[in-house]
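Letter by letter, the chains look like this.
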Amino acid sequence: MTESLNRTRFLQHVAQTSDFPPAMEFVKADGVRLFDANGRAFLDLISGISVNNLGHHHPEITAAIHEQVDRHLHLMVYGEFVVTPQVEYATKLASLLPPSLSSVYFTNSGAEAIEGAMKLAKRFTGRTEIAGFVNSYHGSTQGALSVTGDPELQRNFRPLLPDILHLRYNHPEDLSKITSRTACLIMEPVQAEAGCLVPNAAYLNAVRERCTQTGTLLIFDEIQTGMGRTGTLFAFQDAGVVPDVLVTGKAFGGGMPLGAFIADKKLMSVLTNHPVLGHITTFGGHPVCCAAGKAALEVIVREQLYATAEEKGQLFKTLLVHPAIREVSGKGLLLAVRFDSYEINKSVIDHCMAHGLITDWFLFAPDCLRIAPPLIITEAEIREACAIILSSLSTLTF
Ligand code: PLP
């Protein structure tokens, strides 16, 4: 089928989420490159939005997938049978996390993991109020959307969940709004879609302290920051603050659909009764996805890919200096390049795409260009990417 016919059918039959999809078509991906039907290579600066942390077509991930496909696919709804890839992945995770994060509930996606974590908090505390942050993004299902901090995304889908509170990120004075009524506070340790905002350490400690004081569960949404992206396996490990519930997704499945919320065994056990089967999923923790995710985790840990994320991020920051660039914010390889306007950012993104570099903007920071490449990106590839971004700026008139 010709590329343009495929594109027409894509626009006709695959439901769209905007009127302006880039609608590029790739036939192959390997390492940090995507290839179109003409064999043209594109450098991937976004990893399918923080998913392909090991790059594309990693041999250990594809081998794990093939092996599991040859053993079995789905056997039974979640939590009923002993599914070996789930057991192995959960055990490996527990060995890398603090003892209070040793029980893993696998889901199909990030949003579904957020939903589960919210229900866990309500069930555990017996409270109904849920707190989140302005400009946070937690997913598009109705519970996750309720705690997402953007009225524009929510407006036409109301009514959403009641009893939701939004705090300003990195504003210690708002923490007094967390009270003994609050079931949980859901927080991204780096607020990605707001333009990669990094909270300061004292604030994170104050958040932890307030949640402990009020008996509020602290839930870290590490769906975007996890699996090595910000310099440690999970961002909380660098922040020195341990959440009560850790939520993961995106890169967690090694390129396959998988999420999880992770907590203490005692906490998690409230989901087993009153009601029995009160939180279930058919496909959550699919054996093929768990096999892929575990293979990815093993490579990340063995090669300590998180250890170089900060250094590589610094190289981007050092190279991306130009009068049109206001700042480069973020941590490790989760970065936002801020311009004066969406229009400038859009023209830079268009130029990059036309010159073989895939990038994007952020949901709540349309003036920021996204840098979240596979963690395996090399110094030469970082220089190549930055040269394309900078060359696009030389075409702008100010
Ligand atoms: N939380 C964060 C921080 C995210 O970035 C996303 C997705 O972009 C989600 C939650 C939702 O994950 P999913 O798209 O897998 O439902």
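Here the structure is a predicted model, which is why all the values come from computation and not from measurement. Positions within a chain are numbered from 1, following the residues in the order the chain's sequence is written. The predicted nature of this model means local features are confined to residues of pLDDT at least 70 and side-chain atom pairs, given and counted, to a pLDDT of 80 or more, with totals for whole chains, interfaces and linings taken over all residues. Side-chain metrics rest on all non-hydrogen atoms present in the structure, leaving aside hydrogens and water.

Asker: Residues and numbers for the sheet that holds strand β6 (residues 164–167), please.
Answerer: Pairing is mixed in the open sheet, where seven strands are placed in the order β4-β10-β9-β8-β7-β5-β6. Two strands lie at the open edges of the sheet, namely β4 (103–107) and β6, each paired on one side alone. For this sheet, the mean inter-axis angle between neighbouring strands, taken without regard to orientation, is 20°. In short, DSSP must find at least two bridges between two strands for them to pair. Helix and strand definitions follow DSSP, with helices as H or I runs of at least four residues and strands as E runs of at least two, each counted in order from the N terminus. For helices, the axis comes from a line fit to the C-alpha atoms of the stretch in contact; other axes are also lines fit to C-alpha atoms, and the angle between any two N-to-C directions lies between 0 and 180 degrees.

Asker: Give a detailed account of the site of the ligand, specifying residues and quantitative values.
Answerer: Residues are counted as near a molecule or strand when any one of their heavy atoms sits within 4 Å of it. Near the ligand the following residues occur: S109, G110, A111, Y137, H138, G139, E188, D221, I223, Q224 and K250. A111 is positioned such that a nitrogen or oxygen atom in its backbone is 2.8 Å from an oxygen atom of the ligand. Only the protein chains shown count as cover for residues, with accessible areas throughout obtained via the Shrake-Rupley method and a probe of 1.4 Å. Protein burial of the ligand: of its 390 Å² of free accessible surface, 82% is covered by the chains. Of the residues assigned to the shell around the ligand, the class counts are three nonpolar, five polar and three charged. Pairing of N or O atoms within 3.5 Å defines a polar contact, subject to two protein rules: one partner must be a possible hydrogen donor and the other a possible acceptor, and residues neighboring in sequence count only if both atoms are side-chain atoms. Each residue gets one label: Ala, Val, Leu, Ile, Met, Phe, Trp, Tyr, Cys and Pro are nonpolar, Asp, Glu, Lys and Arg are charged, and the others, such as Gly, are polar.

Asker: Mind laying out the domain arrangement of the protein chain, listing which residues take part and the relevant values?
Answerer: The source of the domain bounds is an automatic or database domain assignment. According to the domain assignment, the protein chain contains domain 1 (3–57 + 304–393) and domain 2 (60–302). A straight line from the C-alpha centre of domain 1 to that of domain 2 covers 25 Å. Whether two residues are in contact is decided by their heavy atoms, any of which lying within 4.5 Å being enough. Listed by partner, the interface residues are 32 residues for domain 1 and 34 residues for domain 2. Once two parts are put together, the accessible area they lose, assessed with a 1.4 Å probe and summed over both, is termed the buried area. Each partner contributes to the roughly 2,600 Å² buried at the junction of domain 1 and domain 2, and carbon and sulfur atoms together form 61% of this total. The largest per-residue losses of area from domain 1 upon contact with domain 2 belong to Y306, K331 and F364, which jointly make up 31% of the total buried on that side. A side-chain nitrogen of Lys or Arg and a carboxyl oxygen of Asp or Glu constitute a salt bridge if their distance falls within 4 Å. The interface formed by domain 1 and domain 2 holds two salt bridges in total. E193 serves as the salt-bridge partner of R370, at 2.9 Å between the closest nitrogen and oxygen. Counting across the interface, domain 1 meets domain 2 through 20 residue pairs in polar contact (both at pLDDT 80 or more). Looking at the side of domain 1 that touches domain 2, the elements with two or more residues in it are α2 (47–50), α12 (305–319), β11 (327–331), β12 (334–338) and β15 (365–371). Ranked by residues supplied to the side of domain 1 that touches domain 2, first place goes to α12 with five residues.

Asker: Before we move on, could you go through the sheet that holds β12 and cite the residues and values that matter?
Answerer: Taken in spatial order, the four strands line up as β11-β12-β15-β14 in an open sheet, and their pairing is antiparallel. In this open sheet, the two strands that pair with only one neighbour each are β11 and β14 (361–362). Pairing geometry for β12 and β15, over four bridges, is antiparallel. Looking at the pairing, R338 lines up with C368 of β15. Helix-sheet contacts for helix α13 (residues 342–354) involve β14 and β15, and the interaxial angle to β15 is about 30°.

Asker: Hey, could you go over the pattern of salt bridges for me, with residue numbers and the actual values?
Answerer: In the structure shown here, the tally under the stated rule is 20 salt bridges. Note that D238 and K331 form a salt bridge whose closest N and O atoms lie 2.5 Å from each other. Of this pair, D238 sits in helix α9 (residues 236–239) while K331 is found in strand β11, placing the two residues 93 residues apart along the sequence. Throughout, exposure labels follow a simple rule: accessible area from a 1.4 Å probe, protein chains only, divided by the maximum for the residue type, with under 20% read as buried, over 50% as exposed, and the rest as partly exposed. Exposure remark for K331: the relative accessible area of 19% places this residue in the buried category. It is possible to trace a salt-bridge network through shared partners that takes in E60, R302 and E303.

Asker: Please set out the side chain of D36 residue by residue, giving values where relevant.
Answerer: Mapped onto the fold, D36 is located in the loop between β2 (33–35) and β3 (41–44). Counted as positive: Lys and Arg. Counted as negative: Asp and Glu, with His and the chain ends omitted from the count. One buried charged side chain, D36, makes no salt bridge at all; its nearest oppositely charged neighbour is R40, positioned 5.5 Å away. In this structure the side chain of D36 is engaged in a polar contact, spanning 2.9 Å, whose partner is the backbone nitrogen of R40. In this view, D36 contacts E25, F26, V27 and F42; residues no more than four positions away in its chain are not counted.

Asker: I'd like a description of the side chain of D367, backed by residues and values.
Answerer: Structurally, D367 can be placed in strand β15. Within the local environment of D367, its side chain forms a polar contact with the side chain of R338, the two groups lying 3.2 Å apart. Those residues within four positions of D367 in sequence are excluded, and the remaining contacts are V337, R338, F339, S341, Y342 and N345.

Asker: I'd like a rundown of helix α14 (residues 379–393), residues and numbers included.
Answerer: The span one expects for a helix is its residue count, reduced by one, times 1.5 Å. Here α14 spans 21 Å end to end across 15 residues, near enough to the 21 Å set by a 1.5 Å rise per residue. Where α14 is concerned, the buried positions are E381, I382, A385, C386, I388, I389, S392 and L393. In a view along the axis of α14, the buried residues occupy a sector of 155°, so they form one face of it. Its buried side turned inward, α14 meets β2, β3, α12, α13, β13 (357–358) and β15. By construction, the arc corresponds to the directions joining the helix axis to the C-beta atoms.

Asker: Run through the pairing of strand β7 (residues 182–187), naming residues and quoting values.
Answerer: Where burial is concerned, most of β7 is hidden: six out of the six residues are buried. In this sheet, β7 lies alongside strand β5 (residues 129–133) in parallel orientation, the contact comprising three bridges. Opposite E129, over in β7, you have T182 as the bridge partner. In terms of strand pairing, β7 meets strand β8 (residues 217–221) through four bridges, oriented parallel. Following the sheet pairing, C184 is matched in β8 by L217. Once the chain exits β7 it traverses helix α8 (residues 201–214) before rejoining the sheet at β8, and the crossover so formed is right-handed. By definition, the crossover connecting two strands over a helix is right-handed if that path, from the first strand to the second, turns clockwise as seen with the strands pointing away from the viewer.

Asker: Provide a residue-level description of a nonpolar patch on the surface, including the pertinent values.
Answerer: Taken together, the side chains of L75, M76, V77 and F81 make up a nonpolar region of the molecular surface, amounting to roughly 340 Å² of accessible area. Its location among the elements puts F81 in the loop between α3 (59–71) and α4 (84–96). Looking at F81, the relative accessible area reads 46%, which means it is partly exposed. Residues with no salt bridge and a relative accessible area higher than 30% make up the patches, which join like charges within 9 Å and nonpolar side chains (Val, Leu, Ile, Met, Phe, Trp, Tyr) within 5 Å.

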